[in-house]
Amino acid sequence: MVEFLSGAVTLAYLIAALFFLRFWRKTADRLFLVFTVAFVLFALNQGLAHMLAVYHEPSSFIYALRVLGFVLILIAIVDKNVSSGKSTR
Amino acid sequence: MEDSAFSEAFCRFIQTAVPSVPVAELLLLIFKQPERWWTLPELLGELPRDVNITEAGAVTSLESLRSRGLVEFDDNKRVRYRAASDALDAQVHTLAQAYNERPVTLIRMIYALRDTRIQSFADAFKFRKR
Amino acid sequence: METFNFILYLMAVLTCLACTVLLGSSYMHTGVRMLLWSTLCFVGLSVSNILLFFDLIVYPTEVDLRLWRLLPALAGLLFLLYGFIWESEDN
């Protein structure tokens, strides 16, 4: 069950990343580019954790990918607000 | 971003009054000769060749420009530039300037503002102005 | 190192929660349905992240929450993809 779900979640992250990529190309809003990268990182985290059987290693680079994804999103949110005096569209 | 110099007010103007590139072309053509009364065939004839708009599309676009207070019709269905306010007139000037100086940026912005639902996702991450 | 991990994973949880709150309040203000599905996605991802935090940082050896991490993440992502496919285009 875990194997099946792990694969499904990995693919779902990748599909979501493709949507974000399309949104970025449509709107040129760099927030979407960051979400694209973040969701690819989430997919890598999910896929690699399973393939390399690393499940409970918080210091592993595999989970660092996931944390890095959220750090990027956090930076994108800050960026969105710092640059919102002018239009970022 | 390279288009960051466009003000919020200008973006709102584009979003509400200029939903597509052909509408921008139409408005700017009328704006270039502000005193001239145009017939529809004249307008369609003088639009740049690559502007993709049908006669029916042009009629709809002109009507929407009129409802936004940017053009007026006479009894013979001819159309002339007429901004309802100085603020609107200033936005059209900005539009004309952007069209001449940074057409690619402008066109991208028009497309971007059309995708408002997608944009609403990105805008959700702004803290202010909601 | 443990404190460092603690902070990093907590930050991931908080960032995810912040996304949920921002998207949710934006949905309430604009009524754009895509934002509702996006909010639900980040609810799922937040639950998943909180469980990850417990699984890796709080109880690293005692429990295995893998299944319970995956379920809310998958549910959330399916909401997101549904929203993107059906609600992202105008008209």
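A few points on the structure. (Residues numbered from 1 in each chain as written. Chains lettered and ligands numbered in written order. Predicted model: local features only at pLDDT ≥ 70, side-chain atom pairs only at ≥ 80, totals over all residues. Heavy atoms only, no water.)

**Description of a nonpolar patch on the surface**
All names here are of chain C. Rules: Like-charged residues are merged into a patch within 9 Å and nonpolar side chains (Val, Leu, Ile, Met, Phe, Trp, Tyr) within 5 Å, provided each residue has over 30% relative accessible area and no salt bridge. For the accessible areas, the method is Shrake-Rupley and the probe is 1.4 Å, while residue cover comes only from the protein chains on display. What makes a salt bridge here is a side-chain nitrogen of Lys or Arg within 4 Å of a carboxyl oxygen of Asp or Glu, nothing more. The secondary structure listing takes helices from DSSP runs of H or I that are at least 4 residues long and strands from runs of E that are at least 2 residues long, numbered from the N terminus.
On the surface, F6, I7, L10, L14, L17, I50, F54, V58, Y59 and V63 cluster together into a nonpolar patch covering about 770 Å² of accessible area. With five residues, the single largest contributor to the nonpolar patch is helix 1 (residues 2-30). By the element assignment, L10 lies in helix 1.

**With respect to the packing of helix 3 (residues 61-82) of chain A against helix 1 of chain C**
In plain terms, the rule: Angles shown run from 0 to 180 degrees and are taken between the N-to-C directions of axes, each axis being a line fitted to C-alpha atoms and, for helices, limited to the stretch in contact. Every angle not falling under 35 degrees, over 145, or within 65 to 115 is termed oblique; those three ranges are roughly parallel, roughly antiparallel and roughly perpendicular. Less than a right angle of anticlockwise turn of the near helix away from the far helix marks a crossing as left-handed, whereas a clockwise turn marks it as right-handed. Note on contacts: a residue pair is in contact if any heavy atoms of the two residues lie within 4.5 Å. Each residue gets one label: Ala, Val, Leu, Ile, Met, Phe, Trp, Tyr, Cys and Pro are nonpolar, Asp, Glu, Lys and Arg are charged, and the others, such as Gly, are polar.
In the contact formed by helix 3 of chain A and helix 1 of chain C, the axes pass within 9 Å of each other and the chain directions differ by 45 degrees. In this view, helix 3 of chain A runs oblique relative to helix 1 of chain C, as classed from their interaxial angle. Along this stretch, helix 3 of chain A crosses helix 1 of chain C, giving a crossing that reads as left-handed. On helix 1 of chain C, the residues touching Y63(A), V67(A), F70(A), V71(A), I73(A), L74(A) and I77(A) of helix 3 of chain A are L8(C), Y9(C), M11(C), A12(C), T15(C), C16(C), C19(C) and L22(C). Along the lines of polarity and charge, the residues of the contact of helix 3 of chain A with helix 1 of chain C split into 14 nonpolar, one polar and no charged.

**Some remarks on the packing of helix 1 (residues 8-17) of chain B against helix 5 (residues 86-101) of chain B**
All names here are of chain B. For the pair helix 1 and helix 5, interaxial distance at closest approach is 10 Å and the crossing angle is 90 degrees. When the interaxial angle is binned, helix 1 and helix 5 end up roughly perpendicular. On helix 5, the residues that touch A9, F10, F13 and I14 of helix 1 are L88, Q91, V92, T94 and L95. Within the contact of helix 1 with helix 5, the residues separate by chemical class into seven nonpolar, two polar and no charged.

**Focus on the interface of chain A and chain C**
We apply this condition: When two parts are put together, the accessible area they lose, computed with a 1.4 Å probe and summed over both, is reported as buried area. Think of a polar contact as two N or O atoms within 3.5 Å of one another; within protein, one of them needs to be a possible hydrogen donor and the other a possible acceptor, and neighboring residues in sequence only count if both atoms come from side chains.
Chain A puts 31 residues into the contact, and the matching count from chain C is 36 residues. For the pair chain A and chain C, the two sides together bury roughly 2,900 Å², of which 78% comes from carbon and sulfur. Among the residues chain A hides against chain C, the three largest losses belong to H56(A), P58(A) and F70(A). Together they make up 21% of the total. Scanning the region where chain A abuts chain C turns up three residue pairs in polar contact (both at pLDDT 80 or more). When residues of the side of chain A that touches chain C are traced back to their parent elements, those giving at least two are helix 1 (2-27), helix 2 (30-51) and helix 3 of chain A. In terms of residue count, helix 1 of chain A provides more of the side of chain A that touches chain C than any other element does, 14 residues in total. Class assignment for the residues of the side of chain A that touches chain C results in 23 nonpolar, four polar and four charged.

**Focus: the layout of surface pockets**
All names here are of chain B. Convention followed: The way it works is a 1 Å grid over only the protein atoms, where trapped points that fit a 1.4 Å probe form a cavity and open points with protein on both sides within 12 Å along at least five of seven lines form a pocket, and then any residue with an atom within 4 Å of a point lines it. Grid points are joined across faces, edges and corners, and a volume is the space filled by probe spheres set on the points.
Within this model, the second largest pocket holds a volume of roughly 220 Å³. What lines the second largest pocket is a set of 13 residues, and nearest its centre among them are L40, V59, L62, F73 and K77. Split by residue class, the lining of the second largest pocket holds seven nonpolar, two polar and four charged.

**Let's talk about the nonpolar core**
If you look at soluble globular proteins, the nonpolar side chains tend to sit buried side by side. Definition in use: Only buried Ala, Val, Leu, Ile, Met, Phe, Trp, Tyr and Cys residues count toward a nonpolar core, and they belong to the same one when joined by side-chain atoms within 4.5 Å. A simple rule labels every residue: compare its accessible area, found with a 1.4 Å probe on the protein chains alone, to the largest value its type can have, and call it buried under 20%, exposed over 50%, or partly exposed in between.
Membership of the largest hydrophobic core comes to 44 residues, with the highest contact counts inside it found for Y13(A), F20(A), F35(A), F39(A), F121(B), F125(B) and F42(C). For this core, the elements supplying multiple residues, two or more each, are helix 1, helix 2 and helix 3 of chain A, helix 7 (116-123) of chain B together with helix 1, helix 2 (33-58) and helix 3 (66-87) of chain C. With ten residues, the single largest contributor to this core is helix 1 of chain A. If we skip the residues at most four places from it in the chain, Y13(A) touches F39(A), F42(A), A43(A), Q46(A), R66(A), L45(C), A73(C) and L77(C). Formed by 37 residues, the second largest nonpolar core is a distinct cluster that contains F10(B), A17(B), V18(B) and L62(B).

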